[in-house]
Amino acid sequence: MAKVRSSRGSRKRLPLLRSLFSLLLSLLLGGALLGAAGLGLYMLYLDGVIRTEFDRKRWAMPAKVYARPLELFAGMPLSADAFAQELKLLGYRDVNCPVEPSAPPEPGKRTIKRKPKLPAPEACAPPPGGGNSPDKAGGYARQGEVFEVMTRDFVFWDGAEPARKIRLTFAGDILVDVVSLDGREAPGLLRLDPPEIAGIYPSHYEDRILLNGKELPLALVDTLLAVEDRSYFEHAGVNPKSIFRALVVNLRAGRTVQGGSTLTQQLVKNLFLSNERSIKRKVNEILMAILIDARYGKDEILEAYSNAIYLGQDGSRAIHGFGLASQFFFGKTLEDVDLHQLALLVGMIKGPSLYDPRKHPDAAKERRALVLDVMVEQNLISAEDAAIAKDMPLDVTPKAASGITAYPAFLELVQRQLRQYYKPEDLVSEGLRVFTTLDPRVQAVAENALATSLPALEKSQPKARPLQGAAVVADTQTGEVLAMVGDREPKTVGFNRALDTKRLAGSLIKPVVYLTALEQPDRYTLMTLINDSPLVHTSGGKRWTPANYDNRYHGRVTLRDALARSYNIPAVRVGLDMDVIKVVEMLQRLGFDHPLKPYPALLLGALDASPFEIAQVYATIAGGGFRIPLRAIREVTNASGQALQHYAMDVVKVVEPGPAYLITHAMQQVVKAGTASAMKSKLSPDLNIAGKTGTTDDYRDSWFAGFSGDRVTVVWLGRDDNKPTGLSGASGALRVWMDLMAGLKLEPLDAPPPVDIEEIRVEPHSGLRVGAGCRRGEPVPFLVGSEPRGSTSCAPPAPRRKPRSPDADDTDDTDGMSGFFQRLME
C-alpha cells in the first residue's frame, strides 16, 4: 500500500513541475517578445532620429564670410607690391618655383603624387629672359612690375566670374594695363575671387569644406579603408570580429588600447553621440550604425564620413573633414596634397590632438610612417615611395591667427547686421555666403597704426599704461565699413571697443552744435562773432558754470575760430541760444540713434558714444548732409550663388548741402590752423582734410574724427579702467589717425560748393568784407543772402597771442614767431 501511495505522490508532482516549467517558459518567451518589441520600438525611434537628422547634420554648413573682391581695371591706383600681397592673401601660387616630376608608377600600383625636393629660395625667381607661365587657376608669375595670372572662377551674387589668364602691368602706384592671354576680349573690369575671412559657426564651432564622393581622391579612400576599416564593403555597419578582437586585446592590457569601431560607427559618434564612455552609448552606436548601413549606400556613408570626421582644432573652431583639414594644415586643396601629406591626414584620425603636426611633430611623423607601412602592405604604394615620403618634412603651413577669424571686431559687426534679417540657425546650417565690405589692405594699415603707435605713446605718457584703442574706417560715398579694430591686439577675441566702448564724446560734439546754428543763416554764419567770456547758466534752480580749458577768455571770436580752437564757452552760448533739444535732434538726424536728454552739459560732449557711432555722425557730415547707414555687408547668397538679400544704400538727405558745406569748411580750419594743425607734418595740405580733436576731463579719452574726399576715420584712445591717460586728442588719437591715413591712398576733399553758396573775401578776425586788393582778406563761404553787410580797411589788427585749448598740440606755432612773420607779409 505504501508503494502505491508513493507512486500516486510522484504522479501528482509531475503535473506541478510541468506547470512550473510551462510558466517559466512562458515568462521567458513573453520577456523575450517584450524585449524584442521594446528593441524594435527603440530602433524605430532611432531610425526616426536618423531620418530626421542625418541629412541635415551631414550637410550642415556654417555661413562663409568674404572680404571685398579686388576689382582690377586699367588706371586704378594699385602698386605691384600691393597686388602681390592681395595674391598672397588669396593663396595664389608663384609658378616660378619649379617642381620635379614624379616617377611613373610601377605596374599594379596606384598613382599618388610624391612631394619633390624643395628648391632653394633663389630658384623661385624667374630666370633671365623669362620664367614659367601659369597654366592652372590660382597660379601667377611675376617679373618686376608685370604679372601673368590665372584667376579662379567664382560665383558672385550678380553672376559667375570665369577663370581668366591675364597680364597686368604696373607703373609705380598705378595699374596701367590689363591684357587678355586666353584669346578672349580683355575685361574692362576684372574681379578676383574674394578672400574668405571668417565663418559663422554653431555653438560648438564646427567648420568644414564639403566634398562630394567624386571629389575624394581614390588614393585617400584606399588608404582610409586600409587603416581604419578593411572590411568596410562587407560588414553591415558593425564588424563583430573587430569588436571581439578589440575586447580581447583590451582585457589583456587591462585598459582600452584598441578600438573595434567601423567607419560607420565613427560617423555615428561624430554626428549623434557625445564622447561619454558608457555601455548605453556603445549600444546606441551599434544600433545606429546598423540602421544607417541599412538605409544608406556605402558611398553615401563614406562621403558623409569624409566631411564629418574631426581632425583638429583652430582656437575655438573645430576642423572637420578632409577638405578643410588639407587647407588648414597644408594650405592646399585635397586634390593637391602629396603622398606624405595624405598619409598624415589619415593617420591623424586616431588622435587629432596627439598627432597634431604643429604641436607634436615627432609623434605625427611616427604615425605617418605607420600609415605608409600599411599602404605598402596593402600594395597601394611601393616601398621606395614610402621611403621617400618618410624622409619628407611635415610641410604644414605656419599657423595663422588662431580662432574663428583674423578680424574679430569686423566679424562682430557683420553678425549684428545679419541678425536683422536671418535667424541664428540659418547662419550656422544653410551654407550662406556673406559678401562684406572689408578691405584687407585698409584693415592691415589700421591694425598696424594702432599696434605700433600705442607703445610710443605709453612711453611718452607713463600714466597712459595700459593704453587701449579702437579705429573705424569707412567710405564716405557708400557708407561701407572698410576696416575696424577693437583692440590694440587686433586678433584678440573679446571686448570690441569699436562697437561697445561707451565714452564721453568731448569736443567731437562741437561741429554738431555749430551745424545746428548754421542751418539758420539769418542768425549764424562762419564769421558770426561770439562772446567768449565767463558764463553762468541757471536751469531748474541749478547753476552751471562752464569754462574754457585754460580758464582764459578771448573776447569776441568768430564761429569758425571758436571751432578751430575748440573753445568751450562759444559752443555753449550757441547751443543754449539754439536750444539744446535742437542739437539733440541734429545728432539723431546725423545718425546717432540712442535717446538723449537735452542737458546743457551735452553741448560739451557729455554723452556716451562708441567709435562706430561717432563714425556714423561724421560720415553723414562727410557725405554733404546725406545719411547713409554704415554697413559691413554687400550681399548674401545661398550656397549655389543665388542672391537672398541685397543690402542697398539707404540714402536720406538730413541736412541741406549748404550748411553741411559750411561746417566742413570750418572743420578744415581745425586742420589748417587749429588743434589738428600738426597734421601737416604727416599728410599733404592739398588733401584739405576736415576733422575734430576730442579730449575729455582729466585726459581720460583721446579722440580724433576726420575725413578726406573718400575716407572717414575715427580713432579713440583710453584706458579700460577709465583713468587719466595724459593724452589730449591732438597728442594721442590724432597721431594714430595720421599714421593710419598716411598708409592709404586718399582722395582730396575738394567737392564743389553747392549752388546756394558764395565765397566772400573777409577779414578773418572781424568777419567783415574787405576789398579784392586786400592781401589780408581770405575767401570764406556763405549761404546766399547771409554775407556780411559791413566792410573794413586793410589795416592789420593788433596781434594777439593765441591761447591754448585742451586739444592743442605742442608743435602748433601758428601765432608764435612764424605767425608774426606771416602777419608781417600780409
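As the structure is a prediction and not an experimental result, all values here were calculated from the model.

**Q** Any chance you could explain the sheet that holds strand β9 (residues 174-180) here in plain terms?
**A** In a beta sheet, neighbouring strands are held together by backbone hydrogen bonds and run either parallel or antiparallel to one another. The five strands are arranged β3-β4-β5-β8-β9 in an open sheet whose pairing can be described as mixed. The sheet is open, and its two borders are formed by β3 (93-94) and β9, each paired with just one other strand. Here β3 runs beside strand β4 (residues 139-143); their pairing, made up of two bridges, is parallel. Bridging from a neighbouring strand, R93 pairs with G139 of β4. Strands β4, β5 (146-150) and β8 (165-171) of the sheet are contacted by helix α2 (residues 80-90), whose axis makes an angle of about 20° with β5.

**Q** For this particular structure, what's the right way to read helix α7 (residues 298-308)?
**A** Each turn of an α-helix holds 3.6 residues, which means side chains three or four residues apart point in the same direction. Taken across its 11 residues, α7 has nine buried, putting it largely inside the fold. Looking only at α7, the buried set comprises K298, I301, L302, E303, A304, Y305, S306, N307 and A308.

**Q** Explanation requested: the pattern of salt bridges in the structure shown.
**A** Side-chain pairing between opposite charges can occur once the charged atoms of the two side chains come close. Tallying each qualifying case throughout the model produces 37 salt bridges. Taking the shortest distance from any N to any O, the salt bridge between K390 and D373 comes out at 2.5 Å. You can see K390 sitting in helix α11 (residues 383-391) and its partner D373 sitting in helix α10 (residues 361-377), a full 17 residues away along the chain. Residue classification places D373 among the partly exposed positions, given a relative accessible area of 37%. Notably, a salt bridge pairs K491 with E447, separated by 3.1 Å at the nearest N-O pair. Of this pair, K491 sits in the loop between β17 (481-485) and α15 (497-500) while E447 sits in helix α14 (residues 440-460), and the two are 44 residues apart along the sequence. On the basis of relative accessible area, K491 is assigned to the partly exposed category, the value being 32%. Here the salt bridges share partners, and the residues they tie into one network are R68, E86, D439 and R441.

**Q** Would you mind showing me how to read a nonpolar patch on the surface here?
**A** A cluster of nonpolar side chains, contributed by F244, L247 and L251, occupies part of the molecular surface with about 360 Å² of accessible area. Inspection of the secondary structure assignment puts L251 in helix α4 (residues 240-253).

**Q** How should I be thinking about unusual backbone geometry in this particular structure?
**A** Trans peptide bonds make up the majority, and among non-glycine residues the majority have a negative phi. A cis amide bond links R465 with the next residue in sequence, P466, at an omega value of -10°. Turning to its location among the elements, P466 is positioned in the loop between α14 and β16 (468-475). Residues other than glycine seldom take positive phi values, yet S566 does so here, at roughly 60°. Take S566: it is sitting in the loop between α17 (559-564) and α18 (568-578). Judged by its relative accessible area of 1%, S566 falls in the buried class. Of note in the backbone geometry, N688 takes a positive phi value of approximately 55° without being a glycine. For N688, a relative accessible area of 23% gives the class partly exposed.

Cut-offs applied
Residues numbered from 1 in each chain as written. Predicted model: local features only at pLDDT ≥ 70, side-chain atom pairs only at ≥ 80, totals over all residues. Heavy atoms only, no water. Pairing = 2+ DSSP bridges. Helix = DSSP H or I, 4+ residues; strand = E, 2+ residues; numbered from the N terminus. Contact = heavy atoms within 4.5 Å. Axes fitted to C-alpha atoms, helices over the stretch in contact; angles between N-to-C directions. Buried < 20%, exposed > 50% of the residue type's maximum accessible area, 1.4 Å probe, protein only. Salt bridge = Lys/Arg side-chain N within 4 Å of Asp/Glu carboxyl O. Patch = residues over 30% accessible without salt bridge, like charges linked within 9 Å, V, L, I, M, F, W, Y side chains within 5 Å. Areas by Shrake-Rupley, 256 points an atom, 1.4 Å probe, with all protein chains shown as cover.

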